[in-house]
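Residue strings, one per chain:
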Amino acid sequence: MVRPRRRGADAALAEWFSTRGWKPAPFQREAWRRYLAGESGLLVTPTGSGKTLAALGGPLLQALALGDQPATTRRGVAAPPRLRVLWITPLRALAVDTVRALREPIAALGVPWTVALRTGDASARDKRLARHGLSDVLVITPESFALMLSYADAAHLLAGLRGVVVDEWHELLGNKRGVLLQLCLARLRGIVPQAPIWGLSATLGNLQQARDVLLPYAPGAAIVSSPRRRRMTLQTLLPGQGERFPWAGHLGLSQLQRVAAVLQQARSSLLFTNTRSQAELWHRALQSVWLDDPATLALHHGSLDASLRAAAEAGLRDGSVRCVVATSSLDLGVDFPAVDQVLQVGSPKGMARLWQRGGRARHRPGAAGKVICVPTLALELAEYAAARVALAHGRVESRPPPRLSLDVLAQHCVTLALGGGFEPARLLAEVRGTHAFAALGDEPWQAVLDFIVRGGAALEHYPDYRRVVRDADGVYRVHDRRVAFRHRLSIGTITSDGSVQVRFMKGGQLGSVEEAFIGKLRPHERFQFAGKTLELVQLRDMSAYVRIARSGTGRVPRWQGGSMPLSSELAAEVEAILQMPADSAEMRALQPLLELQARLSALPGPGLLLVESLQTRQGWHLFVYPFAGRAVHEGLAALMALRWGRERPNTFSWAVNDYGLVLTAQAEAWPEAALLQRLLSPQALLEDLMHSLNIAELARRQFRGIARVAGLLPPSLPGRAARSLRQLQASSSLLFEVLRQHDPGHVLLAQAEREVWEAQLEVQRLREVLQRCRTRRLVLKRPRSLSPLAFPLWADAIRGQLSTEDWRTRVARVAQQLEKRHARHV
């Protein structure tokens, strides 16, 4: 390592900090020191504390010490690749902001570096710089990094790399995008083994595992963190005197006037919702009461066109936008130092999300975060109070990393075969060096090779599935240009199918909605999207052509997978706080409702399992409250229905939420304690789940995403109409049945079933919940009416029942009846 000018370099960087009114924090200096010593590590600090400069400072000091010079090109001689820092980021929107954040200190210190962006939104200039190695710092997504490795000159372009930064590592750790990145980094280490790798992360419940997944080659690598946790406060908009929040619901629009008043008190605000539909509804509602220029209110979610999202972000930066209604699309580290306050509509459902969103306001070192909470229903007051307790104790969720995602491995193998080829023995050793594939056996590895070469036993007679050739020298390569073209189009693990582009008739694009929604609309029907009321003109080639509606309102799209489950950490806090003294404003406001719950039934708590049983016109209901989260309750409800039906034949339906589940029987059914113990037994769990759920159908649905990642469902080619969701479903279902009949041992079939057990049903957590239920004191109650805890479950249970009344009307009417009945106690 060259160090002759280190002292002067340190002084230059410190002086730049001083001009900004800052002083390098100890964790930043430690990160710089370790980087310059050639170490890798994980940097963990709260949002807004300066971790970008902590990661960039080391490379800048190194460039100053080495005296980097501007690139020079002699006539007729190509310049050598100049790539020095690879900055990997999970979001394209975050990538744009990162480029801006990196360029400022680089220019201020006079380092002659060019910063380029390589994502799907990059300009033609940036793509050219990245493709030819003409940028010194390249900001890139995992998918674009994998695309880079698909070219034969990747090793040449990366040979001069000095360091790698993986931004927002916690967002990649728990999904297949992180698996893809692990494989790409393993290949990169083979090219430049000396280059340090640094992950940047928010706080996690499994920090050491997060480090080991990112840096499996460096056991015990440093975890650098700020000793001072960023302060975060919560303020809840409480009900007024004599006002009651609804027992069920999810919009919270009864809070509209109160929220509008809070927004008027600040210069700029971010209002977060948990779903895109909710964001559209809140944006429309705020438009109706907005006192300022309508252009100062903006909307931001992942289904909007990139240009609309960029305009909202720019408006926050330059002050032309006062409020943005957003979803998780603005959760990550986009820097908005001018934002004064963050509002959260509904429960954040998890501590990591709350930290992320709270960090978006006053996003600058030393500033405290604050979240104004907007309850949408009464029991969310308890979730806010529980979140405050979790904040005080620094609790945050873990993100378990996937293992043995063979669809991702198959894609990576084709990528490397396309990028010059690979030798199987060397690649196997490289792959086993990752956390995700450390336990990869010889048999599944050979099955992956067989799959990419001939598609497996059932598909070998179809040329489209013979993508890779093993040449005479033993190297696996791609020779077919059509295979190369299609594979590069489909690189990545994000499988969002069934979307329809929304376009104006006269040109211009607004974003995308799901095909299932738009397919139900007829021409001239109105719908609400992108903050506008639109009229559908025609649906053609997976595009919905629209115009602005002159008047009226319209339906709001709903997106699948939009609901957020309550994390197990926050659910445990909620369960505990319901039995604690009312020492917070939220719990004091909720106290009358909890007293009613206790009077009608009982309060749940960590040491007991509350079960309620009662009869309504819909049937006989059994309510169980394990507080284990929606996914676990879904499997538990199916399991209990099967076991109860075995003992006493009946017809059951069920509904679940984050607190519990309800089974509804058509014939009379009153459970006793002994029966409940049998229904909640952990014995024969897998066998009973196999009988209670259609695992084959669940695996078929899971297979579609796996087939997309593995390359069995090639993408639509540019210039051709995109395939509809129905076509994709038909193709994946046909492949699924062919493999089941003719190659039942295919690696992708086994993976689909395993992902159903592990990801969808969370079988391990379900087993733990059943074991926990056995150790708790069973409290079986028969309330004379629906309790406050039972009412939201009952409302979900009747959602699918046929009625001439709108669901909301029925729920509101029953809620009013219950509130009137218990008015003296609520």
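Residues numbered from 1 in each chain as written. Predicted model: local features only at pLDDT ≥ 70, side-chain atom pairs only at ≥ 80, totals over all residues. Heavy atoms only, no water.

**Focus on the overall build of the protein**
When helices and strands are counted, the protein shows 31 helices and 25 strands. Counting over 826 residues, the protein shows a buried share of 57%. Restricting to contacts in the protein with at least 6 residues of sequence separation, those with at least 24 account for 75%. Total accessible area on the protein is roughly 34700 Å²; 50% of this is exposed by carbon and sulfur atoms. (Helix = DSSP H or I, 4+ residues; strand = E, 2+ residues; numbered from the N terminus. Buried < 20%, exposed > 50% of the residue type's maximum accessible area, 1.4 Å probe, protein only. Contact = heavy atoms within 4.5 Å. Areas by Shrake-Rupley, 256 points an atom, 1.4 Å probe, with all protein chains shown as cover.)

**Overview of the sheet that holds strand E5 (residues 163-166)**
Taken together, the 7 strands give an open sheet; going across it, the order is E3-E4-E2-E5-E6-E1-E7, and neighbouring strands pair in parallel fashion. Single-partner strands in this sheet number two, and they are strand E3 (115-118) and strand E7 (222-225). Between one strand and the next, the sheet's axes are offset by a mean angle of 20°, whatever the strand orientation. Taken together, the 4 bridges between strand E2 (residues 85-88) and E5 define a ladder with parallel strand orientation. If you follow Ile88 over to E5, its bridge partner there is Val166. (Pairing = 2+ DSSP bridges. Axes fitted to C-alpha atoms, helices over the stretch in contact; angles between N-to-C directions.)

**Some details on the pairing of strand E20 (residues 543-548)**
Strand direction decides the pairing type here: strand E16 (residues 499-504) and E20, joined by 4 bridges, are parallel. Bridging from a neighbouring strand, Arg503 pairs with Tyr545 of E20.

**Regarding the side chain of Arg82**
Note that Arg82 resides in the loop between helix H3 (51-66) and E2. When its relative accessible area of 13% is taken as the criterion, Arg82 is described as buried. Polar contacts involving the side chain of Arg82 include one to the side chain of Asp136, which spans 2.8 Å. (Polar contact = N/O pair within 3.5 Å; in protein donor to acceptor, adjacent residues only side chain to side chain.)

**Describing the packing of aromatic side chains**
Taken as a whole, this structure holds 10 aromatic pairs when the rule is applied. With centroids separated by 5.0 Å and ring planes inclined at 20°, the aromatic side chains of Phe627 and Tyr659 adopt a geometry described as stacked. With a gap of 32 residues between them, Phe627 in the loop between strand E22 (619-625) and helix H23 (630-647) and Tyr659 in the loop between strand E23 (652-656) and strand E24 (661-665) connect regions that are remote in the sequence. The same class applies to Phe627 as to Tyr659, namely buried. An aromatic cluster is defined as three or more aromatic residues linked by ring pairs; in this entry it consists of Trp16, Phe17, Trp22 and Trp32. Geometry around Tyr151 places Arg488 over its ring, the cationic atom sitting 4.0 Å from the centre. (Phe/Tyr/Trp six-rings, centres within 6.5 Å; stacked < 30°, edge-to-face > 60°. Lys NZ or Arg CZ within 6 Å of the ring centre and 35° of its normal.)

**Observations regarding the confidence of the model for the protein**
The predicted model of the protein averages 85 in pLDDT, with 86% of residues at 70 or higher. pLDDT under 50 marks residues 1-6. Its contacts with residues more than four places away, or in other chains, come to 13 contacts. (pLDDT = per-residue confidence, 0-100.)

**So, unusual backbone geometry**
Despite not being glycine, Lys349 has its phi angle at roughly 70°, a positive value. Take Lys349: it is sitting in the loop between strand E12 (341-345) and helix H14 (351-358). For Lys349, a relative accessible area of 14% translates into the label buried. One non-glycine residue, Leu404, lies in positive phi territory at about 55°. With respect to the helices, strands and loops of the structure, Leu404 is situated in the loop between helix H15 (380-392) and helix H16 (406-418). Accessibility expressed as a relative area gives 26% for Leu404, which makes it partly exposed.

**A closer look at the environment of Gly199**
Position of Gly199 among the secondary structure elements: in strand E6 (residues 197-201). Sequence separation of Gly199 and Glu168 is 31 residues, and the distance between their C-alpha atoms is 7.5 Å.

**Remarks on the sheet that holds E12**
Taken in spatial order, the 6 strands line up as E8-E13-E12-E9-E11-E10 in an open sheet, and their pairing is parallel. Each edge of the open sheet carries a strand with a single partner, namely strand E8 (232-236) and strand E10 (297-300). In this sheet, neighbouring strand axes are inclined to one another by 25° on average, regardless of whether the strands run parallel or antiparallel. Of the strands in this sheet, strand E9 (269-272), E10 and strand E11 (323-326) are in contact with helix H13 (residues 306-318), which crosses E10 at around 130°. The strands touched by H15 are E8, E12 and strand E13 (369-374); relative to E8, the strand with the most contacts, the crossing angle is about 165°.

**Structural notes on the packing of H14 against H15**
In contact at an axis separation of 11 Å, H14 and H15 are set at 80° when each is read in the N-to-C sense. When the axis of H14 is compared with that of H15, the two are roughly perpendicular. Residues Met351, Leu354 and Trp355 of H14 lie in contact with H15, whose contacting residues are Ala387, Ala390 and Leu391. Classifying every residue of the contact of H14 with H15 gives 6 nonpolar, no polar and no charged. (Parallel < 35°, antiparallel > 145°, perpendicular 65-115°, else oblique. Nonpolar A, V, L, I, M, F, W, Y, C, P; charged D, E, K, R; others polar.)

**Some thoughts on helix H19 (residues 481-490)**
Among the residues of H19, Val483, Ala484 and His487 are the ones counted as buried. Across the axial projection of H19, the buried residues extend over an arc of 100°, all falling on one side. Packing partners of the buried residues in H19 comprise H16. One or two residues past the end of H19 sits Gly492, with phi positive at roughly 125°. (Arc of directions from axis to C-beta.)

**Let's talk about H15**
Relative to the 18 Å expected for 13 residues at 1.5 Å per residue, H15 spans 19 Å between its end C-alpha atoms, a close match to the ideal helical length. Extensive coverage of H15 is indicated by the burial of 10 of its 13 residues. Residues of H15 that are buried include every one of Glu380, Leu381, Ala382, Glu383, Tyr384, Ala385, Ala386, Ala387, Ala390 and Leu391, and no others. The secondary structure elements touched by the buried residues of H15 are E8, E12, H14, E13, helix H21 (568-577) and helix H22 (585-600). Positive phi shows up at Gly394, right after H15, with a value of about 70°. (Expected span 1.5 Å × (residues − 1).)

**Focus on the pattern of salt bridges**
Applying the stated criterion across every chain, the model contains 37 salt bridges. Across the pair Glu39 and Arg34 runs a salt bridge, and its minimum N-O distance is 2.7 Å. Salt-bridge contacts for Arg162 lead to Asp68; the nearest nitrogen and oxygen are separated by 2.9 Å. Placement of Arg162 in the loop between helix H7 (154-158) and E5 and of Asp68 in the loop between H3 and E2 is noted, with a sequence separation of 94 residues between them. Classification of Arg162 by relative accessible area gives buried; the value is 18%. (Salt bridge = Lys/Arg side-chain N within 4 Å of Asp/Glu carboxyl O.)

**Observations concerning the packing of helix H6 (residues 142-149) against helix H9 (residues 176-191)**
Contact pair H6 / H9: the axes reach a minimum separation of 9 Å and the direction vectors enclose 40°. Compared by their axis directions, H6 and H9 come out oblique. When you trace H6 past H9, the crossing you get is left-handed. Contact with H6, carried on its side by Pro142, Glu143, Phe145, Ala146 and Leu149, involves Arg177, Leu180, Leu181, Cys184, Leu185, Arg187 and Leu188 of H9 and no other residues of that element. (Left-handed = near helix turned anticlockwise from the far one by under 90°.)

**A word on the pairing of E7**
Side-chain direction in a regular strand flips from residue to residue, so the side chains alternate between the two faces of the sheet. Where burial is concerned, the two faces of E7 differ: the one with Ala222 and Val224 is buried and the one with Ile223 and Ser225 is not. Across 4 bridges, strand E1 (residues 41-44) lies against E7 in parallel orientation. Bridge assignment links Val44 to a residue of E7, and that residue is Ser225.

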